[in-house]
Amino acid sequence: MSSSSLAPPLDVELRPDRPPVVHVESPGDAASWAEKHREALRAQVAERGALLVRGLELRDTAQAGAVFAALTDALMAEREAFAPRESHGPGLYSSTTWPANQPMCMHHELSYTLEVPGLMLFACLTAPDDGGATAVADAEQVLRALPAELTERFAREGWLLTRSYNDEIGASLEESFGTDDPAAIERYCRENAIDFTWQPDGSLRTRQRRSAVLPHPVTGRPCWFNQVAFLNQWTLAPEVREYLVDEYGEDGLPFNTRYGDGTPIGEDVVQLLNATYEEHTRREPWQAGDLMLVDNIRTAHSREPYTGDRQVIVAMAEPLNTADCCPPAEASRR
């Protein structure tokens, strides 16, 4: 009999405006507590899509890494990052470098890759003075709330991500691909259904088409699974968008999204997507020592603007290969 089967049931606090919360008192060694309650914690994530655990008193990256290791079998290395992260060891990262006064809108981590994390793990070591929550939204509910005509088009065509790599904004080639060797980058792109073009100045532009609606691997229920809104130019602050368009042109933006057939996505559609996410957002301010587990397929997450210092350690786990879920045209091309 496993130690987790002997653990007492978790007392989960449920409120409609925030993620489920488990309060822990006197956990002792946090990693041992996590191992003991692994099955119960994972069952809550499977049932509810996300879970915040409060009271573990996580204070450093080693402690966070030990807890993550107790809750999942292996951590993933990030590939195709769109912004830099600081590495704290194999599979352990800082949260994405992003201006503190700008939100990171709702998205599913690495939903533009063919191998995506099924589980996201977050540990708050330092809580911000204000804001900075990692909010969540149920992707099944978001899909049902969006206009059927829109979601049917995305389900049929998928979505297109375009990227232009440069030395000034976003992740570098090495940060995204793990190498700056052109041959290795080209090999990765071919293996991962990414069209690529080297520009005369040596920079790289890529295009990749992915599914926008994905069946959950356990329940089979469809989820709105993408980064259509987050990585679209119309989600950027107006002054940031204007600067980037002036500097690089619309075709040279560091990242942008389109419908699967290449048609531009209008500002009104992006606003609708973000407004629908907001209607289904649940948030709870971080407290130092918190742990959060997120089902990356069923649940989108965001990072809200903040003031003060904020240190959140992030890990990705349980990779899922989505190649079989590509839009028909993309699947036939592979």
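Nothing here was measured: the structure is a model prediction, and the numbers come from that model.

Once that is clear, we can look at the overall build of the chain. When helices and strands are tallied, the chain shows ten helices and 19 strands. Relative to the 2.2 N^0.38 estimate, which gives 20 Å for 334 residues, the radius of gyration of the chain is 20 Å and therefore close to what a compact globule would have. Its C-alpha atoms give the chain principal-axis dimensions of roughly 60 × 40 × 40 Å. Looking at the 334 residues of the chain, the share that counts as buried comes to 55%. The long-range share in the chain, meaning contacts at least 24 apart out of those at least 6 apart in sequence, stands at 80%. The distance from the centre of the 30 positive side-chain charges to the centre of the 52 negative ones in the chain is 5 Å.

A word on the pattern of salt bridges. Scanning the entire structure with this criterion turns up 19 salt bridges. Residue Glu 284 is joined to Arg 18 by a salt bridge in which the shortest nitrogen-to-oxygen separation is 3.1 Å. Of the two residues, Glu 284 is situated in the loop between strand S15 (281–282) and strand S16 (291–295) and Arg 18 in strand S2 (residues 18–23); the sequence distance between them amounts to 266 residues. Overall, the relative accessible area of 13% leaves Glu 284 in the buried class.

Look at helix H9 (residues 267–279): 18 Å from first C-alpha to last across 13 residues, which is about the 18 Å you get at 1.5 Å a residue. Val 269, Val 270, Leu 273, Thr 276 and Tyr 277 are the residues of H9 that are buried. Looking straight down H9, one finds that the buried residues subtend no more than 125° of arc, so they occupy a single side. In H9, the exposed residues that point more than 90 degrees away from the buried face are Asp 268 and Glu 279.

Rules behind the numbers
Residues numbered from 1 in each chain as written. Predicted model: local features only at pLDDT ≥ 70, side-chain atom pairs only at ≥ 80, totals over all residues. Heavy atoms only, no water. Helix = DSSP H or I, 4+ residues; strand = E, 2+ residues; numbered from the N terminus. Rg over C-alpha atoms; globule rule 2.2 N^0.38 Å. Buried < 20%, exposed > 50% of the residue type's maximum accessible area, 1.4 Å probe, protein only. Contact = heavy atoms within 4.5 Å. Lys, Arg positive; Asp, Glu negative; His and termini not counted. Charge placed at Lys NZ, Arg CZ, Asp CG, Glu CD. Salt bridge = Lys/Arg side-chain N within 4 Å of Asp/Glu carboxyl O. Expected span 1.5 Å × (residues − 1). Arc of directions from axis to C-beta.

By themselves, these are just geometric observations and shouldn't be taken as functional.
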